[in-house]
4 protein chains.
Amino acid sequence: MKLLLTGFEPFGELDRNPTEELVIKIKEEGFEGVDIRSLVLPVVYESCFDALKKNMDEWKPDAVLSLGVAVGRSAISVERIAINIQDVAADRSDNNGHAPVDRKIDPEGPDAIFTTLPYRTIVSRLVEGGIPSEVSNTAGTYICNTTMYQALAHAKNVSTCRFTGFIHVPASPAMTVAKPHLASMDVETQLKAVKTIIQVLKEELS
Amino acid sequence: MKLLLTGFEPFGELDRNPTEELVIKIKEEGFEGVDIRSLVLPVVYESCFDALKKNMDEWKPDAVLSLGVAVGRSAISVERIAINIQDVAADRSDNNGHAPVDRKIDPEGPDAIFTTLPYRTIVSRLVEGGIPSEVSNTAGTYICNTTMYQALAHAKNVSTCRFTGFIHVPASPAMTVAKPHLASMDVETQLKAVKTIIQVLKEELS
Amino acid sequence: MKLLLTGFEPFGELDRNPTEELVIKIKEEGFEGVDIRSLVLPVVYESCFDALKKNMDEWKPDAVLSLGVAVGRSAISVERIAINIQDVAADRSDNNGHAPVDRKIDPEGPDAIFTTLPYRTIVSRLVEGGIPSEVSNTAGTYICNTTMYQALAHAKNVSTCRFTGFIHVPASPAMTVAKPHLASMDVETQLKAVKTIIQVLKEELS
Amino acid sequence: MKLLLTGFEPFGELDRNPTEELVIKIKEEGFEGVDIRSLVLPVVYESCFDALKKNMDEWKPDAVLSLGVAVGRSAISVERIAINIQDVAADRSDNNGHAPVDRKIDPEGPDAIFTTLPYRTIVSRLVEGGIPSEVSNTAGTYICNTTMYQALAHAKNVSTCRFTGFIHVPASPAMTVAKPHLASMDVETQLKAVKTIIQVLKEELS
């Protein structure tokens, strides 16, 4: 299996983004029987999909798995659907200072696109492994959703690409030390979760 | 330092109580320069303090550190105060089926007693170590609060006992797999937190 | 303006559904310049849309406004999108005992359909009027979402129907008296909110 | 019954404090069989109790009922206990710019003092009346708790004063319009709640 794995650079008040750490660690460690290419994407509406698109076109992965952090969530969220909207809260522009409101990602595109990940199997396997997990019905309207939407739309043109989707991980403890009322999940556990997901994809493809 | 460390047996819908696991692990691993005695207390209003009292009286510890789990919290909570009340929600009796409402723990006792733990130092050290932590102003009105109140009241009679107090840990991931909206904290991180607290107590006593 | 206004019967542990009360009150009071027809729909996947469809076809409304209650939310939610999925939590079947998992509402339909309500204007007007409100990006996967999806899909065949969409209201205080940690909103305030929304639709159509 | 009723001036980011509105309205409307004196207290650690103390000493009320707002709570909270601590989060000083950390209100005072309100009866009556309500075990460590602690301590010296205590009300909708994830409660419902509480006190005293 050829797996294109993406994380994001830090954004907002974050110094670090655990998804960057996750994709680097998994690339370094490797995964038996899986050829992994990893990317760290910019948190910018306009360019978040550029490198991902290029790698989908040129490398022809079997699966595209994107990771983002969802501050406030307490479980691994497997996103069910990406919607054709870019919309930020008033005070939270992207890393280039852009803050669209109710703007379509693709004016010609469908209103939303379902993930092609085997999301129910993934959640079951994570839960069996003792990792809190659920199917999520909204990936938000920020860069995560835009990346997911664009990857799913483009995957229809990449014949190899059987699985495409997005996983939201909780904040890491390092992100919440000053905000004790927010849930977090250890990066070690997040890493274990991502490896479980890769294992599920590998099994489904074999 | 002689440290009396307590956890609790499971209660309610729980199969396991992570605090039981924590006190067993710490006892097994040991801690340099600290003589540890560990107890697993029953989740019963009437008897939760029995073994703890006996060990305080006979062993004369320098510190009593009690651990309990607070489902729904996301950070290590260092409890500031125990109050002289036993009160359960209608549907949540103790492990003996008792469910007191607005009953005093000690009809002659003070309304509440402050912890003697160096709580601000503990929280600072945990946060420095990357572990979400905060001072909590309520230990509830269930067995945890009763144990804390009784230990603090009794510590006034145990001349060696300089530090007495209670720590609430979040649910473990094993406890929230079926409840993905609840926060959790890895038992490994909880263990690291308890060790940090023991280290603070050791430094303060030396 | 001809307005088709819908609420739901009670479901789950509810004795009453505030949306039933809302549509009855608004129908009784009337609204100047608006011809209102009101329906109380069953909380049943299979039949929730039947009466609504019939009234859309025969009465040819200018607008279809559906109301549902979202326990746990604290603001009036104007739903942005309905998704082509029926999925319940394990323990929450519909009023006929059905509990589909990851089932498409319409196997031939699009993955999701955007509301045609002027959602941003509605939220602005509610907020100006002092009523907490927001655009929501998920209407869930229960009966509310199914009704919204089916109404939006069918509205494409009803030439008069310019505005179609769904509003989630918070629980009423009567629903949360025994659950004090859940947010609620007075039915009087909910009523004021619905009237504000009808006023916006009337202005937009004139 | 002579009732001394207090609210607070606005603080932090608030333009208005609903408790100010509540005490003014109740004073204006009056309450049969109850002689009401109302005060709006400053949100200042040092002086919050000054006017209240003066009125307790000179007017000799039968009951002192203080109201404060607790942003984020969803039910009327009848506070069970006030603790002998002043402590603010780093970024939230009082209206004079003071931000004490772990400071005792009264270095000679008890660690905490129970309310003398008939709190269980109050909660039952509110719930019967359809108003979400609960007993709270922490009044925080800000001005509300300081006022409650000082009033309870001083009430021991005022022989007439049979009932003394503190009620936290949720934010008003006006306070949460820009924060749709926070719970609120209509001021009309808050007013109904305070009247119910006054009725309970009147009945208990007669």
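Keep in mind that what you see is a predicted model, and the values were worked out from it rather than measured.

A.B. asks: Tell me about the overall build of chain A, and name the residues and values.
C.D. replies: From N to C terminus, chain A includes six helices and eight strands. Reading the helices (α) and strands (β) of chain A from amino to carboxyl end gives β-α-β-α-β-β-β-β-α-β-α-β-α-α. Taken over the C-alpha trace, chain A has a radius of gyration of 16 Å; the compact-globule value for 206 residues is 17 Å, and the two agree within 12%. Viewed in the frame of its principal axes, chain A has a C-alpha envelope of about 45 × 45 × 30 Å. Each of the 206 residues in chain A was classed as buried or not, and the buried ones make up 59%. Put simply, 79% of the contacts in chain A that link residues at least 6 apart link residues at least 24 apart.

A.B. asks: Tell me about the relation of the copies chain B and chain D, and please be specific about residues and values.
C.D. replies: Applying a rotation about an axis and a shift along it to one chain copy brings it onto the other copy. Once chain B is rotated about the relating axis by 180° and shifted along it by 0.0 Å, it coincides with chain D to within an RMSD of 0.0 Å. In short, the pair behaves as if placed about a two-fold rotation axis. Interface overlap between copies: 100% of the residues of chain B at the interface are likewise at the interface in chain D, consistent with a symmetric, same-surface contact.

A.B. asks: An account of the UniProt feature "active site" (unreviewed entry) in chain A is needed here, citing residue identities and associated values.
C.D. replies: Residue and element names in this part refer to chain A. Per the UniProt annotation, the sites labelled "active site" (unreviewed entry) are Cys144. With respect to the helices and strands, the residue Cys144 is situated in helix H4 (residues 143-155). Under the relative-accessibility criterion, Cys144 is labelled buried at 10%. Contact partners of Cys144, with chain neighbours within four places excluded, come to Phe8, Gly68, Ala139, Phe166 and His168.

A.B. asks: Tell me about the pairing of strand E2 (residues 35-41) of chain B, residues and numbers included.
C.D. replies: Looking down a regular strand, the side chains alternate between one sheet face and the other. By the bridge criterion, seven bridges tie strand E1 (residues 2-8) of chain B to E2 of chain B in an arrangement that is parallel. Bridge pairing in E2 of chain B links Phe8 of chain B to Leu41 of chain B.

A.B. asks: How would you sum up helix H2 (residues 50-59) of chain C? Please name residues and give values.
C.D. replies: Residue and element names in this part refer to chain C. Of all the residues in H2, the buried ones are Leu52, Asn55, Met56 and Trp59. Each buried residue of H2 sits inside an arc of 100° when the element is viewed along its axis, so together they form one side. Its buried side turned inward, H2 meets strand E1 (2-8), strand E2 (35-41), strand E3 (63-69) and helix H4 (143-155).

A.B. asks: Explain the interface of chain C and chain A to me, and be specific about the residues and the numbers.
C.D. replies: Tallying the contact residues gives 18 residues for chain C and 18 residues for chain A. With a shortest N-O distance of 2.9 Å, Arg80 of chain A and Asp87 of chain C are connected by a salt bridge. Examining the composition of the side of chain C that touches chain A, we find that three residues originate from one element, strand E6 (residues 112-114) of chain C, more than from any other. Residues belonging to the side of chain C that touches chain A are distributed by class as follows: eight nonpolar, four polar and six charged.

A.B. asks: Residues and numbers for the sheet that holds strand E7 (residues 133-136) of chain B, please.
C.D. replies: Residue and element names in this part refer to chain B. Taken in spatial order, the six strands line up as E2-E1-E3-E8-E4-E7 in an open sheet, and their pairing is mixed. Single-partner strands in this sheet number two, and they are E2 and E7. Strand-to-strand twist of the sheet, defined as the mean angle between neighbouring strand axes without regard to direction, takes the value 25°. With seven bridges connecting them, strand E3 (residues 63-69) and strand E8 (residues 163-169) associate as parallel partners. Bridged to Leu65 within E8 is Gly165. In the packing of helix H6 (residues 187-205) onto the sheet, the strands contacted are E1, E2, E3, strand E4 (76-79) and E8, and the crossing angle to E8 comes to about 165°.

A.B. asks: Give me the lowdown on the sheet that holds E2 of chain C, citing residues and values where you can.
C.D. replies: Residue and element names in this part refer to chain C. Pairing within the open sheet is mixed, and its six strands lie in the order E2-E1-E3-E8-E4-E7. A single partner strand is all that each edge strand has here, and the edge strands are E2 and strand E7 (133-136). On average, each strand axis in the sheet is tilted by 25° relative to the strand beside it, whichever way the strands run. Against the sheet, helix H1 (residues 18-29) contacts E1, E2, E3 and strand E8 (163-169), and its axis sits at roughly 155° relative to E2. Strand contacts of H2: E1, E2 and E3, with the helix running at about 160° to E2, the strand carrying the most contacts.

A.B. asks: Which residues make up the relation of the copies chain C and chain A, and what values go with them?
C.D. replies: Take chain C, turn it by 180°, move it 0.0 Å along the axis, and it overlays chain A with an RMSD of 0.0 Å. The share of interface residues of chain C whose copies in chain A are also at the interface is 100%, consistent with both copies meeting through the same surface.

A.B. asks: Could you give an account of the pattern of salt bridges, with specific residues and numbers?
C.D. replies: All chains considered together, the criterion is met by 48 salt bridges over all chains. Where Asp87 of chain D meets Arg120 of chain B, a salt bridge forms, and the shortest distance between an N and an O atom there is 3.2 Å. Note that Asp87 of chain D is positioned in the loop between strand E5 (81-83) and strand E6 (112-114) and Arg120 of chain B in helix H3 (residues 119-128), a pairing that runs across two chains. Measuring nitrogen to oxygen at the nearest pair gives 2.8 Å for the salt bridge that ties Glu79 of chain D to Arg73 of chain D. Residue class for Glu79 of chain D comes out buried when judged on its relative accessible area of 0%. Several salt bridges share partner residues, and in doing so they unite Arg80 and Arg120 of chain A together with Asp87 and Asp102 of chain C into one network.

A.B. asks: If you had to explain the packing of H2 of chain C against H4 of chain C to someone new, which residues and values would you point to?
C.D. replies: Residues and elements named next belong to chain C. Two elements in contact, H2 and H4, have axes separated by 10 Å at closest approach and are oriented at 20°. In terms of orientation, H2 and H4 fall into the roughly parallel class. The hand of the H2/H4 crossing is right-handed. When H2 is examined against H4, the residues Leu52, Lys53, Met56 and Asp57 are found in contact with a partner set consisting of Thr147, Ala151, His154 and Ala155.

A.B. asks: A description of the arrangement of the chains should follow, citing residues and the corresponding values.
C.D. replies: What separates chain B from chain C at the closest point of their C-alpha atoms is a distance of 10 Å, and the two make no contact. Over all C-alpha pairs, chain A and chain D never come within contact, reaching a minimum spacing of 10 Å.

A.B. asks: Pulling in residues and values, what's your account of the confidence of the model for chain A?
C.D. replies: Caution applies to low-pLDDT parts of the model: their predicted coordinates are not meant to be read in detail. Scored by pLDDT, chain A comes out at a mean of 95, with 99% of its residues at no less than 70. Overall fold confidence (pTM) sits at 0.96, and the ipTM for the predicted complex is 0.95.

A.B. asks: Let's hear about the interface of chain B and chain D: which residues, and what values?
C.D. replies: Opposite the 18 residues of chain B that make contact, chain D presents 18 residues. Taken over both partners, the interface formed by chain B and chain D buries close to 1500 Å², and the fraction arising from carbon and sulfur atoms is 58%. Counting the contacts that link chain B with chain D gives eight salt bridges. Across the contact surface, chain B and chain D share 10 residue pairs in polar contact (both at pLDDT 80 or more). Where the side of chain B that touches chain D is concerned, the elements lending two or more residues are strand E5 (81-83), strand E6 (112-114) and H3 of chain B. Ranked by residue count, the leading element in the side of chain B that touches chain D is E6 of chain B, at three residues.

A.B. asks: Go over the layout of surface pockets with me, naming the residues and quoting the values.
C.D. replies: Residues and elements named next belong to chain D. By volume, the second largest pocket is sized at about 230 Å³. Mapped onto the lining of the second largest pocket, the elements with two or more residues apiece are E6, helix H3 (119-128) and helix H4 (143-155). Here the residues of the lining of the second largest pocket are counted per class, giving nine nonpolar, two polar and four charged.

A.B. asks: Please provide a residue-by-residue account of the side chain of Ser74 of chain D, values included.
C.D. replies: Following the sequence through the fold, Ser74 of chain D ends up in the loop between strand E3 (63-69) and strand E4 (76-79). Look at Ser74 of chain D and you get buried, because its relative accessible area is 5%. Polar side-chain contacts of Ser74 of chain D include one of 2.7 Å to the backbone oxygen of Pro180 of chain C. With residues up to four places along the chain from it excluded, the contact list for Ser74 of chain D reads Pro180, His181, Leu182 and Ala183 of chain C together with Pro132, Pro170, Ala183 and Met185 of chain D.

A.B. asks: Requested: an account of the packing of aromatic side chains, with residues and values cited.
C.D. replies: Overall, the coordinates contain 12 aromatic pairs over all chains when judged by the stated rule. Note on Phe11 of chain C and Tyr142 of chain C: the rings are 5.9 Å apart at their centroids and 55° apart in plane angle, and the pair reads as tilted. Of the two residues, Phe11 of chain C is situated in the loop between E1 and H1 and Tyr142 of chain C in the loop between E7 and H4; the sequence distance between them amounts to 131 residues. One exposure class covers both Phe11 of chain C and Tyr142 of chain C, and it is buried. Both rings, one in Phe8 of chain D and one in Phe166 of chain D, keep their centres 6.3 Å apart while their planes meet at 35°; by these two values the pair is tilted. Of the two residues, Phe8 of chain D sits in strand E1 (residues 2-8) while Phe166 of chain D sits in strand E8 (residues 163-169), which places them 158 residues apart along the sequence.

Calculation notes
- Residues numbered from 1 in each chain as written.
- Chains lettered and ligands numbered in written order.
- Predicted model: local features only at pLDDT ≥ 70, side-chain atom pairs only at ≥ 80, totals over all residues.
- Heavy atoms only, no water.
- Helix = DSSP H or I, 4+ residues; strand = E, 2+ residues; numbered from the N terminus.
- Rg over C-alpha atoms; globule rule 2.2 N^0.38 Å.
- Buried < 20%, exposed > 50% of the residue type's maximum accessible area, 1.4 Å probe, protein only.
- Contact = heavy atoms within 4.5 Å.
- Least-squares fit on C-alpha atoms with pLDDT ≥ 70 in both.
- UniProt positions renumbered as here; feature names shortened; annotations may be inferred.
- Pairing = 2+ DSSP bridges.
- Arc of directions from axis to C-beta.
- Salt bridge = Lys/Arg side-chain N within 4 Å of Asp/Glu carboxyl O.
- Nonpolar A, V, L, I, M, F, W, Y, C, P; charged D, E, K, R; others polar.
- Axes fitted to C-alpha atoms, helices over the stretch in contact; angles between N-to-C directions.
- Parallel < 35°, antiparallel > 145°, perpendicular 65-115°, else oblique.
- Left-handed = near helix turned anticlockwise from the far one by under 90°.
- pLDDT = per-residue confidence, 0-100.
- Buried area = accessible area lost by both parts, 1.4 Å probe.
- Polar contact = N/O pair within 3.5 Å; in protein donor to acceptor, adjacent residues only side chain to side chain.
- 1 Å grid on protein atoms, 1.4 Å probe; cavity = no way out; pocket = protein on both sides within 12 Å on 5 of 7 lines; lining within 4 Å.
- Points joined across faces, edges and corners; volume = space filled by probe spheres on them.
- Phe/Tyr/Trp six-rings, centres within 6.5 Å; stacked < 30°, edge-to-face > 60°.

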